[in-house]
Amino acid sequence: MRNTAAMKIKAPAWATALTLLCSVALSASTATPASTPVYTEDGRLALPEGYREWVYLSSGFDMAYRAQARSGHHMFDNVFVEPSAYKAFLESGMWPDKTMLILEVRGAEDKGSINKLGHYQDTEVMGLEVHLKDASHFPEGWAFFGFDGTQPAKMIPRTADCYSCHARHAALDNTFVQFYPTLLPIATAKGTLSAAYRAKPTGGE
Ligand code: HEC
């Protein structure tokens, strides 16, 4: 009798705990995926899952910033940022630690379906590059990773021109905010654009 009574009291507590657990699990599984960088044991970066559901910043069309760029084919690049970094940027006009931005490259098509003029994006991804800020991993703060398919990627060596061009020409903390139309007004209002960019927005040496 006493046991049954005790169990009766315990049952609702159990049920509450279970309900809580379930709702935690449910909210975790339905939340936007992968918001922090995931590294393999040998220091490679795992391709951020679900980056296509991140915040869209811009698409560049045929932007030429590499000497070996393009062999007659037109290209789009799409830039996305991890949502929690985007939210922090809206508040401060700065990138928090663990910010991840991704540049996805796709070929441009011109003739297909009803299209007669202009270009649209191909289904095939031709390149994926991640720009990541992680002070606990990189004393320099930022690092680049270039993906070949979905396998984890090695960090691009610091001698690569990625680092020098971004450091010299990007308007805000190594990122090309001058080309991201929803971010530029925020950075301008918050006064977080680099002194070099403010002095000479058209770039140059
Ligand atoms: C000569 C200059 C230059 C070089 C070199 C360069 N980039 Fe960029 N990068 C840009 C510009 C300009 C953008 C903006 C693209 C847009 O607006 O669509 C950009 C954007 C990016 C972004 C989006 C996030 C951000 O930081 O703004 C990533 C990721 C990126 N580049 C990776 C790389 C990697 C990896 C390399 C080297 C393999 C590289 N870049 C080399 C100029 C450069």
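Residues numbered from 1 in each chain as written. Predicted model: local features only at pLDDT ≥ 70, side-chain atom pairs only at ≥ 80, totals over all residues.

Every one of the 25 residues lining the ligand counts as a neighbour, but Gly 60, Cys 162, Cys 165, Phe 176 and Phe 179 are closest to it. The set of elements that each furnish at least two residues to the shell around the ligand consists of strand 1 (55-61), strand 2 (75-81), strand 3 (100-109), strand 4 (120-133), strand 5 (142-147) and helix 3 (161-169). The greatest single-element share of the shell around the ligand, amounting to five residues, is contributed by helix 3. The residue makeup of the shell around the ligand, split by class, is 14 nonpolar, seven polar and four charged. (Near = placed C-beta within 6 Å. Helix = DSSP H or I, 4+ residues; strand = E, 2+ residues; numbered from the N terminus. Nonpolar A, V, L, I, M, F, W, Y, C, P; charged D, E, K, R; others polar.)

Turning next to the sheet that holds strand 3. Across the sheet, which stays open at both edges, the five strands sit in the order 1-2-3-4-5 with antiparallel pairing between neighbours. Since the sheet does not close on itself, it has two edges, and those belong to strand 1 and strand 5, each with one partner. Between one strand axis and the next, the sheet turns by 25° as a mean value, whatever way the strands run. When strand 1 meets strand 2, the two strands line up antiparallel, connected through six bridges. Bridge pairing in strand 2 places Ser 59 opposite Asn 78. (Pairing = 2+ DSSP bridges. Axes fitted to C-alpha atoms, helices over the stretch in contact; angles between N-to-C directions.)

Judged by nonpolar contacts, the single largest core of 29 residues is most densely connected at Leu 132, Phe 145 and Val 177. Elements supplying a minimum of two residues to this core: strand 2, helix 2 (83-92), strand 3, strand 4 and strand 5. Tallying contributions element by element places strand 5 first for this core, with five residues. Not counting residues within four places of it along the chain, the set of residues in contact with Val 177 comprises Ala 171, Leu 172, Leu 183, Leu 184 and Ala 187. (Core = buried A, V, L, I, M, F, W, Y, C linked by C-beta atoms within 7 Å. Buried ≥ 20, exposed ≤ 12 C-beta atoms within 10 Å, placed from the backbone. Contact = placed C-beta atoms within 7 Å.)

Moving on: unusual backbone geometry. Positive phi, normally seen in glycine, also occurs at Lys 98, with a value near 75°. Along the chain, the position of Lys 98 falls in the loop between helix 2 and strand 3. With 18 C-beta atoms packed within 10 Å, Lys 98 lands in the partly exposed category. The phi dihedral of Asn 174 falls on the positive side, at around 70°, and the residue is not glycine. By secondary structure assignment, the location of Asn 174 is in the loop between helix 3 and helix 4 (184-190).

This part covers the pairing of strand 2. Where burial is concerned, most of strand 2 is hidden: five out of the seven residues are buried. In terms of strand pairing, strand 2 meets strand 3 through seven bridges, oriented antiparallel. Along strand 3, the bridge assignment pairs Val 79 with Leu 103.

This brings us to the confidence of the model for the chain. Across the chain, pLDDT averages 86, with 79% of residues at or above 70. When the criterion is pLDDT under 50, residues 1-9 qualifies, and its contacts beyond four places in sequence or with other chains add up to zero contacts. (pLDDT = per-residue confidence, 0-100.)

Time to look at the environment of Ser 58. Position of Ser 58 among the secondary structure elements: in strand 1. With residues up to four places along the chain from it excluded, the contact list for Ser 58 reads Val 79, Phe 179, Tyr 180 and Pro 181.

Along the polypeptide, Gly 203 turns up in the segment after helix 5 (195-199). Judged by the 12 C-beta atoms lying within 10 Å of it, Gly 203 falls in the exposed class.

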